[in-house]
Amino acid sequence: SLLVVLGIFSWLPPIDGRQQLTELVFFVAILNSTVVYMNFKNTENKTLNLFLVIVNIISGFCVFYTSKVDGLNPLIQMFVWLIFLLSLPVVIMLSPDLKTRLFAVIFSLEAIYSLLSLSYESLFLFTLSLFIMVWIKDETRSVSVINPEITMSTRSREETSNSDVLSFIRFFFLVFYSFFGTGNIASLNSFDPGSIRCFVAVFNPFLMGGLLLIKVLIPIFVFGVVYAYIVQINKIKPELVQALLQLFSDFLTLHFFHLVQDSGSWLDIGSSLSHFIIVEGTSLFLALLLYASKFILNAGLKTKLSSD
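Residues numbered from 1 in each chain as written. Predicted model: local features only at pLDDT ≥ 70, side-chain atom pairs only at ≥ 80, totals over all residues. Heavy atoms only, no water.

Caption draft 1: Spatial organisation of the pattern of salt bridges. On inspection of all chains with the given rule, the structure shows 2 salt bridges. Residue K68 is joined to E23 by a salt bridge in which the shortest nitrogen-to-oxygen separation is 2.7 Å. Here E23 lies in helix α2 (residues 22-40) and K68 lies in helix α3 (residues 46-68), a separation of 45 residues in the sequence. Accessibility expressed as a relative area gives 39% for E23, which makes it partly exposed. Residues E121 and K215 are paired through a salt bridge, measuring 3.0 Å at the closest nitrogen-oxygen approach. Within this pair, whereas E121 is found in helix α6 (residues 121-139), its partner K215 is found in helix α10 (residues 205-234), the two being separated by 94 residues in sequence. K215 matches E121 in its accessibility class, with the two residues each being buried. (Salt bridge = Lys/Arg side-chain N within 4 Å of Asp/Glu carboxyl O. Helix = DSSP H or I, 4+ residues; strand = E, 2+ residues; numbered from the N terminus. Buried < 20%, exposed > 50% of the residue type's maximum accessible area, 1.4 Å probe, protein only.)

Caption draft 2: Local environment of unusual backbone geometry. Residues other than glycine seldom take positive phi values, yet K235 does so here, at roughly 55 degrees. Structurally, the position occupied by K235 is in the loop between α10 and α11 (238-257). Given a relative accessible area of 32%, K235 falls into the partly exposed group.

Caption draft 3: Layout of empty space enclosed by the protein. For the structure on display, the rule yields 1 cavity of 30 Å³ or more. In this model, the largest cavity occupies a volume close to 50 Å³. As for the largest cavity, its lining consists of Q20, T22, V63, S67, L115, S117, L118, G194, S195, R197 and C198. Looking at the lining of the largest cavity residue by residue, the classes come out as 4 nonpolar, 6 polar and 1 charged. (1 Å grid on protein atoms, 1.4 Å probe; cavity = no way out; pocket = protein on both sides within 12 Å on 5 of 7 lines; lining within 4 Å. Points joined across faces, edges and corners; volume = space filled by probe spheres on them. Nonpolar A, V, L, I, M, F, W, Y, C, P; charged D, E, K, R; others polar.)

Caption draft 4: Molecular detail of the packing of α6 against α10. Put simply, α6 and α10 touch, their axes get as near as 11 Å, and they point 10 degrees apart. The pairing of α6 with α10 is recorded here as roughly parallel in orientation. Here E121, L125, L128, I132, W135, I136 and E139 of α6 lie close against α10, whose contacting residues are K215, I218, P219, V222, F223, V226, Y227, Y229, I230 and N234. Per-class residue counts for the contact of α6 with α10 are 13 nonpolar, 1 polar and 3 charged. (Axes fitted to C-alpha atoms, helices over the stretch in contact; angles between N-to-C directions. Parallel < 35°, antiparallel > 145°, perpendicular 65-115°, else oblique. Contact = heavy atoms within 4.5 Å.)

Caption draft 5: Just the nonpolar core, in detail. Counting 83 residues, the largest nonpolar core has W135 and F199 as its most contacted members. With 16 residues, α10 is the single largest residue contributor to this core. (Core = buried A, V, L, I, M, F, W, Y, C linked by side-chain atoms within 4.5 Å.)

Caption draft 6: Region of interest: the side chain of N32. Take N32: it is sitting in helix α2. Setting aside its immediate chain neighbours within four residues, N32 contacts N56, E110, S114 and F126.

Caption draft 7: Main features of the environment of A201. By the element assignment, A201 lies in the loop between α9 (184-190) and α10. For A201 and G71, which are 130 residues apart along the polypeptide, the C-alpha to C-alpha distance reads 7.0 Å.

Caption draft 8: Quick peek at the packing of aromatic side chains. Under the defined criterion, the tally for this structure stands at 16 aromatic pairs. A centroid spacing of 5.2 Å and a plane angle of 85 degrees characterise the contact between W81 and F199, whose relative ring orientation is edge-to-face. With a gap of 118 residues between them, W81 in helix α4 (residues 74-94) and F199 in the loop between α9 and α10 connect regions that are remote in the sequence. Of the residues examined, W81 reaches a relative accessible area of 23% and is grouped as partly exposed. F199 sits in the buried class, given a relative accessible area of 0%. Aromatic side chains F84 and F199 sit 5.3 Å apart centroid to centroid with 80 degrees between the ring planes, which places their arrangement in the edge-to-face category. Of this pair, F84 sits in helix α4 while F199 is found in the loop between α9 and α10, placing the two residues 115 residues apart along the sequence. Clustering of aromatic rings is evident, with ring pairs tying together F168, F171, F172, Y227 and F248. (Phe/Tyr/Trp six-rings, centres within 6.5 Å; stacked < 30°, edge-to-face > 60°.)

Here it is, written out as C-alpha cells:
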C-alpha cells in the first residue's frame, strides 16, 4: 500500500511555489513527531526522543507561521538556523547504538526537510520514512537486531546470496525515485525563493541555491544511510556493492549515450546531454554517498562501546 501511495507523487504537478500548502507541512510535522514518540517511547534515551519531537514540531510551525505573515521574524529565523545546523550533530551525539542512530538521523533530516518544504513534498518524505521502516524489517529479518555487534561478529558471509543483489537493486531504484519523485528538479530549475523564506530575508543567490540543492539531496541521503545500515547489519561485501554499482551505472550510461542527439532543437540536444552527464556521474556520487552515510552511522559508536 505504501508503494501505491508513493507512486501517486510522481503524477502530481511539480512544486514551484505557486500552490503552497503550509498547513499540510505543519500537519506532517505533527505526524513526524507522533511517529518519533511511538518509535522511541520504550527506549531509555528520553532526551533524544524529546529533542526529535520538539525540532519536528518547531520546523512545521516555523514554515506555517512564516507563510502567514509579511517578512521574516528574527526569532523564527534563529530557530530555523539552529535546527538546520545542529539537529544532525545533536542526534549523532545522543544516539547510543546503531539502530537508534539510524532512525534518529532519518527523523532529524525530516525536520530539516520540513523547513525547506512548501507543499506535499514533506508528505512525500514522511511516506518514504514509513516505507523505509518496512524495508529495514524485511531486509534484516534474518538478522538479530537486538545485539547487532554480536550478530556481525558471529555471522559468516563468505558467500553472496540473491537477496544481497536484490537489496542493491531496490536501493538503486529508490535513489532515482527519490530524486525525481516530487518535482524537486523543477523547483531547483525555477529557483523559487519560497522554499527558503524561513532562512533568509534578502536575496542571496548562492545561499539560496545551496539550500535548494540540499533540499534535493536530503531524500537521497536518507536512502544512503538506510542502505549503509543494511550493508553493515547483513555483512554484505563492499566489493559486491561496488561491482553492482559500477555495473548498473555503466548500463545506464550506455543507454543514455545512444540517446544523445546531435540534431534537432537546442532543447532536445541539451536535454539528451544533461541526462547522459547525470547518469555518468551516478557511480561516483553514490559511492561517495555510501561512504558518507557509513561515517555518520558509525561516528563515535566504537569509542562508546570500548569505553563501556
